[in-house]
Amino acid sequence: MTVQYNLAISGMTCGHCAESVRQSLQPLFSGAVSVAFETGSATVNGADQVTLAQLQNAVTESGYTLDAVTVSGQLQMPVQGMHCEKCVAKVREGLASTDGVSNVVVNLEPGTAEISGTFDLAAVESVVVELGYSVGSEPADEKVIEDAAPARAPDSGTRPVFLGISGMSCASCVQAVERALTSTAGVIEASVNFANQTALVKTSGSDEALLAQVKSAGYQAVILDNENDEQKAAAQAAEVNRLFLNAAVATLPAAGLMLASHLNVAPALDQTGLWNFVTVAVFGIMYFTGRHFFAGALRSASHGATTMDTLIALGTGTAFAYSVLIINFPTLVPAGSRHLFFEAALFIIGFVNIGKALEATARGKTGEAIKKLMGLAPTEAIRVDGETEVVVAIEDILSGDHLRIKPGEAFPVDGTVTEGASSVDEAMLTGEPALVEKATGDKVVSGTLNQFGMLIVRADQVGADTVLSKIIHRVREAQNSKPEIGRLTDRISAVFVPAVIAVALLTIVFWWWLGPEPKLSFMLVTGLSVLIVACPCALGLATPMSIMVGVGRAAESGILIRNGEALQAASQLTTIVLDKTGTLTRGKPEVVHLEVTGSAEREAMLSIAASLEQLSEHPIARSIVGYCDTEAPGRASVDEFVISPGGGVQGVIDGVKAACGNFQFLSELGFSGDESSLPGTIIYVGR
């Protein structure tokens, strides 16, 4: 039984990438694995039978993305959940109708399906899942009942979906949203991040089902991939401004009421009409600045849950209701307990709004790394169609389009050079400052910079398929991942609010039993204190905020952290082995040695180098100019200046031809001299 696997893999840019993928795939096969980064593919011939999940895991572990798997030959696929001949018939008919499948034999006893033809592996596994069974060699936990909901096959045909969640007020909300998402058909895994109000869902189902399930839990969700980042930033700024406004509107009247009480200028409690006016005013302020707390508490209660909104609503609502009771029915309460708590209710709402505003500001800052990565790609490009050139938005570029890339511009897509030659700065991809020469037939990557020549590039990968988009996706996925410590805090937060309410009730009972007079006042104050002070915000924010900041700062430094587990494990590292070409680079070159040969004068040599290289934007040129500036040579004007990508620069100084570049470049220009044997990148200066 032979089979050939043809894998389409995106993200590979060099031979090192191909070798990394080959090493990850090889343990799955007894035969040789062939990987070509130029075509983004891997091919295996043999008798090995593997699932899509195994292939996806292997490619993902190597740091790349498996886009598709085409199988040719006869594949034996394990099918879980079949328990009768009717199941066998369903699976056989479903697979036989799949494109590319020529023959199907389904065996009940071993639980396998032998599929012949040339077909897409994800398509046949998806058919099995949709019929209510699952793919894999492990025994199923329980048999599939006829016409039951489809079983979940781990990572089979799944895709990540990023959701923006609104309405979450504390870590307890995280559990409610995660429960809603994981109960959605097709969802394999869901991780909700309270710090940035997002969720990462791995699912084979529809986006609409996810949105509907979150809404049914009492929250709102949007697909982040469809959001405009500028609109998102503007909405976030508007939210911060609204929260600060709410805080000011609540705390200023509260401060006035507290000051009047301390200065003994507040009206007496028997002035009911005046205090009822204050009651209406306080109610209006609470409605304007804190109605979202009460709405959130009611929403949670309708779903049988409790959140931080519950604590705030209980605390402020009780304080307000008790004050109204004192004003209108004072005789129901002992004289020593006749105190008003309007300012307490307003202060609580004001301070919580300030906290939420600061929290929203912090969330905005944690997204800076993503914004900087997205800023590497241009928003527009010049599309060339024959003699016509049109400026188009990057979203409108299609695979196969030809684009003109001017010197100094970033590449908007992954593509192939079809015309021209230039030097490209690929530091954002490799971390190396040395420029890479590009000519017809060479590959270019989105986000890298064209330095000198004009290029015509054919778009091969656009939009979400580009290397830069995959890097951004990886950073987002890592920021939303949840290590073990994060899952621990979520489990604690799930029971935190009910526990706080229970402790508040016990506190009230304790003061009623053992407290001094006026007991009622002490009961109310201490009970409210427990409700308001003990909220799980810090518990739910600490871990996700730390992950977001850590992953974001690492991304700014060119380090991509794949998930939260890796970040948590890094705290235990004692030795780090770095795969670099002999050294750790500082990200920019610098002059480390100067050698003067023959009859040349040192000052004249530095002057020529500084005069020529100051006109170039090459990283090596900038380092030479910086070195010459420390030596303070004189500079001269340059005529007939020419840049030769991959070679160097030349011009005429004081009527004499001068050049600065590599040995071959100066030799071709007719300069004489011996080639140096010094290590490193050697730049020659000639006159």
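Being a predicted model, the structure only gives us computed values, none of them experimental.

(A) Spatial organisation of the overall build of the protein chain. A count of helices and strands for the protein chain gives 20 helices and 24 strands. Counting over 687 residues, the protein chain shows a buried share of 43%. Expressed as a percentage of contacts within the protein chain between residues at least 6 apart in sequence, the contacts between residues at least 24 apart total 67%.

(B) Summary view of the sheet that holds strand β17 (residues 436-438). A sheet is described by the order of its strands in space; here three strands give the open sequence β17-β16-β19, paired in antiparallel fashion. Either end of the sheet is taken by a strand with one partner, and the two such strands are β17 and β19 (449-450).

(C) Focus on the packing of helix α18 (residues 602-613) against helix α19 (residues 619-631). α19 packs onto α18 with a crossing angle of 135° between their chain directions and a minimal axis gap of 9 Å. Considering their axes alone, α18 and α19 lie oblique with respect to each other. The handedness of the crossing between α18 and α19 comes out as left-handed. Facing Arg-602, Leu-606, Ala-609, Ala-610 and Glu-613 of α18, the residues of α19 in contact are Ala-621, Ile-624, Val-625, Tyr-627, Cys-628 and Glu-631. Across the contact of α18 with α19, the residue classes break down as eight nonpolar, no polar and three charged.

(D) Spatial organisation of the pattern of salt bridges. Under the defined criterion, the tally for this structure stands at seven salt bridges. A salt bridge links Lys-443 to Asp-460; the nearest nitrogen and oxygen atoms lie 3.4 Å apart. Taken together, the residues Lys-443 in strand β18 (residues 443-444) and Asp-460 in strand β20 (residues 455-461) connect sequence positions 17 residues apart. The salt bridge involving Asp-460 is made with Arg-458; its shortest N-O contact spans 3.2 Å. For Arg-458, a relative accessible area of 29% gives the class partly exposed. Here the salt bridges do not stand alone but share partners, grouping Lys-443, Arg-458 and Asp-460 into one network.

(E) Structural detail: unusual backbone geometry. The backbone of Asn-264 shows a phi angle near 60°, a positive value even though the residue is not glycine. Its place among the elements puts Asn-264 in the loop between α7 (229-262) and α8 (272-302). Positioned with a positive phi, Asp-654 is a non-glycine residue whose angle comes to about 55°.

(F) Spotlight on the packing of aromatic side chains. Tallied over the full model, the rule gives six aromatic pairs. Ring centres of Phe-663 and Tyr-684 lie 5.4 Å apart, and the angle between their planes is 65°; this geometry places the pair in the edge-to-face category. Here Tyr-684 lies in strand β24 (residues 684-686) and Phe-663 lies in helix α20 (residues 663-668), a separation of 21 residues in the sequence. With relative accessibility at 25%, the residue Phe-663 sits in the partly exposed group. The exposure class assigned to Tyr-684 is buried, which follows from its relative accessible area of 14%. An aromatic cluster of at least three residues, connected via ring pairs, comprises Phe-283, Phe-320 and Phe-342. When the ring centre of Tyr-287 is taken as origin, the NZ or CZ atom of Arg-291, which lies over that ring, is 5.2 Å away.

What counts, and at which threshold
Residues numbered from 1 in each chain as written. Predicted model: local features only at pLDDT ≥ 70, side-chain atom pairs only at ≥ 80, totals over all residues. Heavy atoms only, no water. Helix = DSSP H or I, 4+ residues; strand = E, 2+ residues; numbered from the N terminus. Buried < 20%, exposed > 50% of the residue type's maximum accessible area, 1.4 Å probe, protein only. Contact = heavy atoms within 4.5 Å. Pairing = 2+ DSSP bridges. Axes fitted to C-alpha atoms, helices over the stretch in contact; angles between N-to-C directions. Parallel < 35°, antiparallel > 145°, perpendicular 65-115°, else oblique. Left-handed = near helix turned anticlockwise from the far one by under 90°. Nonpolar A, V, L, I, M, F, W, Y, C, P; charged D, E, K, R; others polar. Salt bridge = Lys/Arg side-chain N within 4 Å of Asp/Glu carboxyl O. Phe/Tyr/Trp six-rings, centres within 6.5 Å; stacked < 30°, edge-to-face > 60°. Lys NZ or Arg CZ within 6 Å of the ring centre and 35° of its normal.

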